[in-house]
Amino acid sequence: MTPTYDEIVKAPKALLHDHLDGGLRPATIVELAAEIGHELPATDPAELGEWFVSAADSGSLERYLETFSHTVAVMQTAPALRRVARECALDLAADGVVYAEVRYAPEQHLTAGLTLPEVVEAVLAGFAEGSEQAAAAGSPIRIGTLLTAMRHAARSMEIAELSTAYRDAGVVGFDIAGAEAGYPPTRHLDAFEYLQRENFHFTIHAGEAFGLPSIWQALQWCGADRLGHGVRIVDDIEPGTGKLGRLAGYVRDKRVPLELCPSSNVQTGAAASIAEHPIGLLRDLRFRVTVNTDNRLMSGTSMSREMALLVEAFGWGWAELQWFTINAMKSAFIPFDERLTIINEVIKPAYAKLL
Ligand SMILES: O=c1[nH]cnc2c1ncn2[C@H]1C[C@H](O)[C@@H](CO)O1
Ligand SMILES: [Zn+2]
């Protein structure tokens, strides 16, 4: 039986790659912008939502990223950050996401005078509040935070230290994001080496707008646990035969998790369409594939919508959706026993009824 969108919403899902500043409710942006006098391209929430999707639909990562100036602008105070985080937890839970790792770059939220710890604490408080409300409403969700450093900037060591300082308070990992071409991950090698010495976890946006050298550096120089996107690994797979080059072989053999984000890739030009997205090939070749939203606002999407699009494009069923979900849970940055509990007590029993 082909899973329908409504059925997919009800099934438990796990999400590893979602940006806090890429998932605001349009109505919240309108309210927060009015409070601080920030000018928006539209003040009607529905229109604003459409504006984000069409502006992000740009064919280039750089232009896609320009849309974040409006979301980041309204996330500069503790109450605003807390609200955005609370609503993020509620929206993900309402979509049936039971485990999510949500990321954002604390260094982008300092323009009104907050300190880095104040930013982190406001977001953690918002996630805690939202998760409590979601559980009370019957949709429990566990949220782990990833702190991102911007790859064009020079604060990665500071953000890495901030991540480990809050590791027992809900921060489960570190990431770098932003324009990829011209900003290789090795620029931040000191931060990654620090995190390795601290036995901490990190993922790196790599292989999205730039190809194999970026993936190779992220893994072999920086020691990334996972790849944010990583979709360009297909450049190391021979068309037709599926023969893997050395790097693709390494990624598959080591079960390196790929945080694939289909709709986002179509918008930035990393994939021509959902149907032509390399996720089909990567899944057939049994890479450790996960499905993610990246930026729900900019893509007008949700975890359930991404899965429904894949079901439609590739004819996949519950077996594949369960596989993606378990892959994500296996690749999460929370402790092994906690991952196993979610797999065995939440995910498997629910999919057993659907399969
Ligand atoms: O897909 C992406 N690639 C690179 N950078 C991204 C992507 N989505 C969001 N970002 C950036 C813009 C945000 O302001 C920042 C932190 O979440 O991360
Ligand atoms: Zn991303």
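Residues numbered from 1 in each chain as written. Chains lettered and ligands numbered in written order. Predicted model: local features only at pLDDT ≥ 70, side-chain atom pairs only at ≥ 80, totals over all residues. Heavy atoms only, no water.

The name given to the chain in an unreviewed UniProt entry is Adenosine deaminase, with Catellatospora aurea as the source organism. Recorded in UniProt under Sequence similarities (unreviewed entry), the annotation for the chain is "Belongs to the metallo-dependent hydrolases superfamily. Adenosine and AMP deaminases family. Adenosine deaminase subfamily." You can read under Function (unreviewed entry) in the UniProt record for the chain the words "Catalyzes the hydrolytic deamination of adenosine and 2-deoxyadenosine." (UniProt positions renumbered as here; feature names shortened; annotations may be inferred.)

> Which residues make up the nonpolar core, and what values go with them?
Counting 114 residues, the largest nonpolar core has Leu20 and Phe287 as the members making the most contacts within it. Beyond its immediate sequence surroundings of up to four residues, Leu20 is in contact with Met75, Val84, Ala85, Cys88, Val102, Arg103, Tyr104, Val123 and Phe127. (Core = buried A, V, L, I, M, F, W, Y, C linked by side-chain atoms within 4.5 Å. Buried < 20%, exposed > 50% of the residue type's maximum accessible area, 1.4 Å probe, protein only. Contact = heavy atoms within 4.5 Å.)

> Break down the site of ligand 1 for me, with residues and values.
Neighbouring ligand 1 are 16 residues; His19, Asp21, Gln108, Glu208 and Asp294 lie closest to it. In this structure, His19 approaches ligand 1 through a side-chain N or O atom, which is 2.7 Å from an oxygen atom. One nitrogen or oxygen atom from the side chain of Glu208 is found 2.8 Å from a nitrogen atom belonging to ligand 1. Protein coverage of the free-state accessible area of ligand 1, which is 400 Å², stands at 99%. Classifying every residue of the shell around ligand 1 by side-chain character gives seven nonpolar, six polar and three charged. (Near = heavy atom within 4 Å. Polar contact = N/O pair within 3.5 Å; in protein donor to acceptor, adjacent residues only side chain to side chain. Areas by Shrake-Rupley, 256 points an atom, 1.4 Å probe, with all protein chains shown as cover. Nonpolar A, V, L, I, M, F, W, Y, C, P; charged D, E, K, R; others polar.)

> Please provide a residue-by-residue account of the sheet that holds strand S1 (residues 13-19), values included.
Spatial ordering of the open sheet is given by S1-S2-S3-S4, a layout of four strands whose pairing is parallel. Unpaired on one side and paired on the other, S1 and strand S4 (171-177) mark the two borders of the sheet. Here the strands of the sheet are splayed against their neighbours by 25° on average, with no regard to which way each runs. Both strand S2 (residues 97-104) and strand S3 (residues 142-150) contribute to a ladder of six bridges, which runs parallel. In the sheet register, Val102 faces S3, and the bridge partner there is Thr145. Across the face of the sheet, helix H7 (residues 116-136) comes into contact with S2, S3 and S4 while running at roughly 155° to S3. The strands touched by helix H16 (residues 318-330) are S1 and S2; relative to S1, the strand with the most contacts, the crossing angle is about 65°. (Pairing = 2+ DSSP bridges. Helix = DSSP H or I, 4+ residues; strand = E, 2+ residues; numbered from the N terminus. Axes fitted to C-alpha atoms, helices over the stretch in contact; angles between N-to-C directions.)

> With reference to specific residues and values, describe the coordination of the zinc ion (ligand 2).
Within the first shell, the zinc ion (ligand 2) binds the protein through His17 (NE2), His19 (NE2), His205 (NE2) and Asp294 (OD), at distances of 2.1 to 2.2 Å. Binding-site remark: the zinc ion (ligand 2) is held by donors from one chain whose sequence spacing is H-x1-H-x185-H-x88-D. Across the pair, His19 and His17 agree in class, each one buried. (Donors = N, O, S within 2.8 Å, 3.2 Å for Na, K, Ca; no water.)

> Tell me about the state of the cysteines, residues and numbers included.
Disulfides are covalent bonds that link the sulfur atoms of two cysteine residues. Enumeration over the complete set of coordinates arrives at zero disulfides. No disulfide involves Cys88; its nearest neighbouring cysteine sulfur is the one of Cys261, lying 14 Å away. (Disulfide = S-S within 2.5 Å.)

> Quick one: what's the story with a positive patch on the surface, residue by residue and with numbers?
Where like charges cluster on the molecular surface, the positive patch consists of Arg255, Arg286, Lys330 and Lys348. Position of Arg255 relative to the elements: it lies in the loop between helix H11 (246-253) and strand S7 (258-260). (Patch = residues over 30% accessible without salt bridge, like charges linked within 9 Å, V, L, I, M, F, W, Y side chains within 5 Å. Salt bridge = Lys/Arg side-chain N within 4 Å of Asp/Glu carboxyl O. Lys, Arg positive; Asp, Glu negative; His and termini not counted. Charge placed at Lys NZ, Arg CZ, Asp CG, Glu CD.)

> Tell me about the confidence of the model for the chain, and name the residues and values.
Residues at a pLDDT of 70 or more form 100% of the chain, whose mean pLDDT is 98. In the predicted assembly, ipTM is 0.99 and pTM is 0.98. (pLDDT = per-residue confidence, 0-100.)

> Requested: an account of unusual backbone geometry, with residues and values cited.
Look at His229: it is not a glycine, yet its phi comes out positive at around 75°. Relative to the helices and strands, His229 resides in strand S6 (residues 226-229). Positive phi values are uncommon outside glycine, yet Asp294 reaches one of about 65°. Judged by its relative accessible area of 3%, Asp294 is buried.

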